[in-house]
Amino acid sequence: MIDEVYRNSFKEVYEILENTENELLEKIPTKFMNFIKENMNGNYKTNIQPDVDIDKQLLLKETEAVLSLIYRSYWATDKEKQEFAIKDQQEFIKKEEKKKEQYHGKDIYQVFEERKNINKIAIDNNLMVIKKENFIKKFFKKIFNIFKR
């Protein structure tokens, strides 16, 4: 089931695409367009104004994400796609360097083992010890309690 926010954003995307040139619409696969149509919230009232530039309109952040996906996947030129790929690679390298700094060169499996041990210690510390008395001791205790009264 698709979240209501995404269903609303699909409605905004659909209205924006209704006001888009046919040349650009033809580049979008019909499966994708059908997915948007089937999953949009038909009751949602958007604030899309066809006569105002899209960058000056208030859109849901999910709508912006879907539109950027459409641009990146279907409308971008080959040169732009290469630039996106280079940018993605640079971002990936930055994130990996951050991870290396965070773990100070530790082996990732060592980090997992440390976390596992910490969790095991926490669980061991939180367990209650329950002493079980054998049947004979319980029986004699009850008898003594009866006589104490």
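Above this text you will find the structure in question.
Bear in mind that the values here come from a model prediction, so they are computed numbers and not experimental data.

1. With respect to the packing of aromatic side chains
For any pair of aromatic rings, the description consists of the separation of the ring centres together with the inter-plane angle of the planes. Counted under the stated rule, the structure contains two aromatic pairs. Here the aromatic rings of Phe 10 and Phe 35 are separated by 5.5 Å at their centres, their planes lie at 70 degrees, and the arrangement is edge-to-face. With a gap of 25 residues between them, Phe 10 in helix α1 (residues 4-18) and Phe 35 in helix α3 (residues 30-39) connect regions that are remote in the sequence. Taking relative accessible area as the criterion, Phe 10 reaches 8% and is therefore assigned buried.

2. Some words on α1
Taking 1.5 Å per residue as the helical rise, α1 with its 15 residues ought to reach 21 Å, and the 21 Å between its terminal C-alpha atoms agrees with that figure. Among all positions in α1, only Asn 8, Ser 9, Phe 10, Lys 11, Glu 12, Val 13, Tyr 14, Glu 15, Ile 16 and Leu 17 are buried. Taken together, the buried residues of α1 touch α2 (22-25), α3 and α4 (61-75).

3. Some words on the nonpolar core
Residues Val 13, Leu 17, Ile 28, Phe 32, Ile 36, Val 66 and Ile 70 are the most contacted members of the largest nonpolar core, which totals 16 residues. For this core, the elements supplying multiple residues, two or more each, are α1, α3 and α4. When residues no more than four places from it in sequence are discounted, the contact partners of Ile 28 are Leu 17, Met 33, Ile 70, Tyr 74 and Trp 75.

4. Quick notes on the pattern of salt bridges
On inspection of all chains with the given rule, the structure shows four salt bridges. Linking Arg 72 and Asp 88 is a salt bridge whose minimum nitrogen-to-oxygen distance equals 2.1 Å. Taken as a pair, Arg 72 in helix α4 and Asp 88 in helix α5 (residues 78-103) lie far apart in primary sequence, 16 residues in all. A relative accessible area of 40% places Asp 88 in the partly exposed class. We note a salt bridge from Lys 94 to Glu 91, for which the minimum N-O separation is 4.0 Å. Linking Lys 94 with Glu 91, this pair stays in helix α5, spanning three residues, or about one helical turn. Taking relative accessible area as the criterion, Lys 94 reaches 51% and is therefore assigned exposed.

The rules behind each value
Residues numbered from 1 in each chain as written. Predicted model: local features only at pLDDT ≥ 70, side-chain atom pairs only at ≥ 80, totals over all residues. Heavy atoms only, no water. Phe/Tyr/Trp six-rings, centres within 6.5 Å; stacked < 30°, edge-to-face > 60°. Helix = DSSP H or I, 4+ residues; strand = E, 2+ residues; numbered from the N terminus. Buried < 20%, exposed > 50% of the residue type's maximum accessible area, 1.4 Å probe, protein only. Expected span 1.5 Å × (residues − 1). Contact = heavy atoms within 4.5 Å. Core = buried A, V, L, I, M, F, W, Y, C linked by side-chain atoms within 4.5 Å. Salt bridge = Lys/Arg side-chain N within 4 Å of Asp/Glu carboxyl O.

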